[in-house]
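Listed below are the residues making up each chain.
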Amino acid sequence: MNSIRVCFAFALGFASMQTMAFEKEVKSKINSVTVFTQGAQIFRSAKVSLEPGEHTIIFTDISYVLNASSIQIGGKGDLTILSVSSRANYIDVPMKAEKETELRSKIEEIQNDINELNGLIQVYHEEESLLLANKNLAGQQTGLDVEQLKKAADFFRIRLSEIKLKRLELNLKVNKLREEERMYRQQLSQVTSSRGKSTNEILVKVDVHKTTTARFEFNYTVRNAQWLPYYDVRMEDVTQPVKIEYKAKVQQFTGIDWNNVALTLSSGNPTKNNVLPAINPWYIDFNNGYSVRGSRGGADQFMEMEDTESLDEVVVTSADVKANGYQQTIKNVNTVLVEKVTNIEYDISSIYTIKSSNLSEDVAVRTIEVPATYEYRANTKLDETAYLVAKMHGWHNYNLLNGNAKLFNQGTFVGETYLNTETTEDTLLLSLGRDENIVIKRERLIDLNGTQMIGSNRKIMRYWSVSVRNNKQQPIRIVITDQIPVSMQKQISVKLEESEGAQYIEQTGYLIWAFDLPSASTKDLKFGYSVKHPKDKS
């Protein structure tokens with residue numbers, strides 16, 4: 001009877017084990033990453049052998065900035081995925097502290113070794129100084145025979161050679177130790193950047209029908225990652241298109257290194273609100289005895305009720321933005337451009353490692369040639385200098401993004417600019433630097449200037465000349481821009497008296513001359529204006 005109870009209990013235990021979900025920790029590998037302008041999407045895979053029954057697969061070492069709602073997972077094998085969830089893992093936090101302590105200890109050991117070697121180098125340096133001093137002293141002594149001088153010379157030569165070789169050997173050791181210290185400090189920076197931060201785990205509950213080797217592929221999005229476009233813009237000759245080297249700075253501090261991954265750069269930003277905003281009714285009603293801004297009394301007044309400011313209080317302005325750039329030479333790669341419904345993606349052909357740190361990795365995206373025409377421009381009111389300008393046509397066909405750009409004219413760095421692609425213009429202008437072979441002189445014509453009193457008004461006359469000399473060996477196309485004042489008062493009138501055929505834009509006061517100038521020739525321009533205002537005001 002007892003043996004029957006034992007067998008029955010064993011059978012119940014075995015049955016309960018069959019229905020119990022087993023937990024199994026699994027390491028996964030990052031295969032590829034899509035980096036957005038803010039955030040990134042991580043693609044991972046893993047293989048695991050599973051026995052029949054329910055299992056909870058725990059994928060470890062997931063970034064602490066995981067967006068849990070973005071997890072997508074698929075499994076291949078004789079199994080069914082029952083549920084997917086995530087949780088934080090705080091157990092590994094003390095391990096990071098231990099790693100930090102270990103790295104600091106190694107750095108301290110290396111610093112001690114460097115100090116010891118530097119001390120020996122100093123000893124050898126002082127010995128060398130002592131030998132050289134004694135050599136000079138021996139040279140001043142008289143009465144030494146040739147044999148003694150030879151022995152002294154041999155001694156100095158051998159010992160000084162030994163000292164120099166020893167110092168060289170010690171310096172090489174110091175340099176090697178400094179390189180090791182640099183590597184440990186990089187590791188320490190990565191560890192301290194995630195100090196006190198947990199990792200996440202993704203839990204996948206599966207029902208395995210029979211023994212199988214399952215392959216899981218899953219992806220999710222994370223914060224703390226970004227990429228910024230920047231450019232090298234190169235011009236070799238005015239008969240050739242502009243070459244644009246499209247590059248990117250990729251940075252992430254998600255707490256997990258991306259080692260040897262396929263990289264895709266996307267112009268999308270999943271952190272932005274992607275839902276079309278709803279518009280609410282805008283009601284209008286009479287004002288029932290309450291004061292209304294701008295009211296003048298009299299007839300019935302009405303008031304407008306909005307969720308935002310009243311329209312007469314809203315001012316919309318626009319401004320051009322300038323920024324400094326940054327450039328670094330990196331390898332060229334082949335890139336596949338994928339134009340999706342709402343964004344652009346660049347599939348980078350090379351494999352990259354992006355460490356989790358405050359350092360960015362430079363990635364070559366692609367090189368394009370944009371058709372351009374060239375001309376010289378000068379704003380003579382501000383600067384008597386001619387600048388070569390490239391007018392890039394059809395630039396919007398190349399899916400460029402806003403970014404800093406470094407400019408090179410025939411291999412010479414000429415400056416930095418900001419490539420503003422958020423413009424509706426068909427032509428993008430790039431200044432490629434000044435040309436000293438075009439000489440411009442702007443002078444006031446004193447003889448034509450003067451002041452007159454006309455009744456109660458004062459009239460002021462101002463005339464200027466602009467001389468343009470082309471010292472280049474080929475003809476040029478040049479655009480000269482100057483200006484006259486624009487009145488902001490009805491009592492002040494400004495009149496253009498002479499312009500030498502310039503295009504006059506009255507709203508801004510700009511005077512624009514565009515002309516071709518042959519080699520070794522000069523063109524003289526003249527313009528003048530008058531300002532009339534009440535003589536009792538200035």
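What counts, and at which threshold
Residues numbered from 1 in each chain as written. Predicted model: local features only at pLDDT ≥ 70, side-chain atom pairs only at ≥ 80, totals over all residues. Heavy atoms only, no water. Helix = DSSP H or I, 4+ residues; strand = E, 2+ residues; numbered from the N terminus. Buried < 20%, exposed > 50% of the residue type's maximum accessible area, 1.4 Å probe, protein only. Areas by Shrake-Rupley, 256 points an atom, 1.4 Å probe, with all protein chains shown as cover. Pairing = 2+ DSSP bridges. Axes fitted to C-alpha atoms, helices over the stretch in contact; angles between N-to-C directions. Phe/Tyr/Trp six-rings, centres within 6.5 Å; stacked < 30°, edge-to-face > 60°. Lys NZ or Arg CZ within 6 Å of the ring centre and 35° of its normal. pLDDT = per-residue confidence, 0-100. Contact = heavy atoms within 4.5 Å. 1 Å grid on protein atoms, 1.4 Å probe; cavity = no way out; pocket = protein on both sides within 12 Å on 5 of 7 lines; lining within 4 Å. Points joined across faces, edges and corners; volume = space filled by probe spheres on them. Nonpolar A, V, L, I, M, F, W, Y, C, P; charged D, E, K, R; others polar.

Novice: Would you mind going over the overall build of the protein chain with me for this structure?
Specialist: Along the protein chain, the regular secondary structure elements total 3 helices and 28 strands. Taking all 538 residues of the protein chain together, the buried fraction comes to 35%. With an accessible surface of roughly 33400 Å², the protein chain has 51% of that area assigned to carbon and sulfur atoms.

Novice: What is the right way to look at the sheet that holds strand E10 (residues 242-252) in this model?
Specialist: The strands that make up a sheet pair up through hydrogen bonds in the backbone, lying either parallel or antiparallel. Strand order across the open sheet formed by 5 strands is E16-E10-E9-E19-E20, with mixed pairing between neighbours. Pairing within the sheet leaves two strands with one partner each, and these edge strands are strand E16 (361-370) and strand E20 (412-419). Here the average twist between neighbouring strands, direction ignored, is 20 degrees. Relative to E10, strand E9 (residues 225-235) runs antiparallel, the two sharing 10 bridges. The partner of Ala 225 across the bridge, within E10, is Gln 252.

Novice: For this particular structure, what's the right way to read the packing of aromatic side chains?
Specialist: Remark: the centre distance and the inter-plane angle together describe each pair of aromatic rings, the angle taken between the planes. Summed over the entire model, instances satisfying the criterion amount to 7 aromatic pairs. Pairing Tyr 246 with Tyr 346 gives two aromatic rings, centres 5.3 Å apart and planes at 75 degrees, and the pair type is edge-to-face. Taken together, the residues span a long stretch of sequence, with Tyr 246 in strand E10 and Tyr 346 in strand E15 (residues 344-354) at a distance of 100 residues. Tyr 246 sits in the buried class, given a relative accessible area of 1%. Judged by its relative accessible area of 1%, Tyr 346 falls in the buried class. Three or more aromatic residues joined by ring pairs make a cluster, and in this case those are Phe 59, Phe 216, Phe 218 and Tyr 220. Across the ring face of Trp 464, the terminal group of Arg 442 is positioned such that the distance to the ring centre comes to 4.0 Å.

Novice: Explain the confidence of the model for the protein chain here, please?
Specialist: As a note on interpretation, predicted positions should not be read in detail where pLDDT is low. Taken over all residues, the pLDDT of the protein chain has a mean of 81, while the share at 70 or more is 80%. For the protein chain, per-element mean pLDDT is lowest for strand E13 (residues 302-305), which scores 41, and highest for strand E2 (residues 29-35), which scores 96. Here residues 290-332 is a poorly scored stretch, pLDDT under 50, and it has 60 contacts once near neighbours within four places are set aside; other chains count.

Novice: Just to check I follow, could you spell out the environment of Asp 426 for this structure?
Specialist: Within the secondary structure, Asp 426 is located in the loop between E20 and strand E21 (427-444). Remark: the alpha-carbon pair of Asp 426 and Met 392, spanning 34 residues in sequence, is separated by 8.5 Å. In contact with Asp 426, not counting residues within four places along its chain, are Met 392, His 393, Gly 394, Trp 395 and His 396.

Novice: Would you mind showing me how to read empty space enclosed by the protein here?
Specialist: Over the atoms, a rolling probe the size of a water molecule traces out where space has been left empty. Counting across every chain of the model gives 1 cavity of 30 Å³ or more. Taken as a whole, the largest cavity spans an internal volume of roughly 40 Å³. Among the secondary structure elements, those contributing two or more residues to the lining of the largest cavity are strand E3 (40-50) and strand E8 (212-222). Looking at the lining of the largest cavity, its residues break down into 6 nonpolar, 2 polar and 1 charged.

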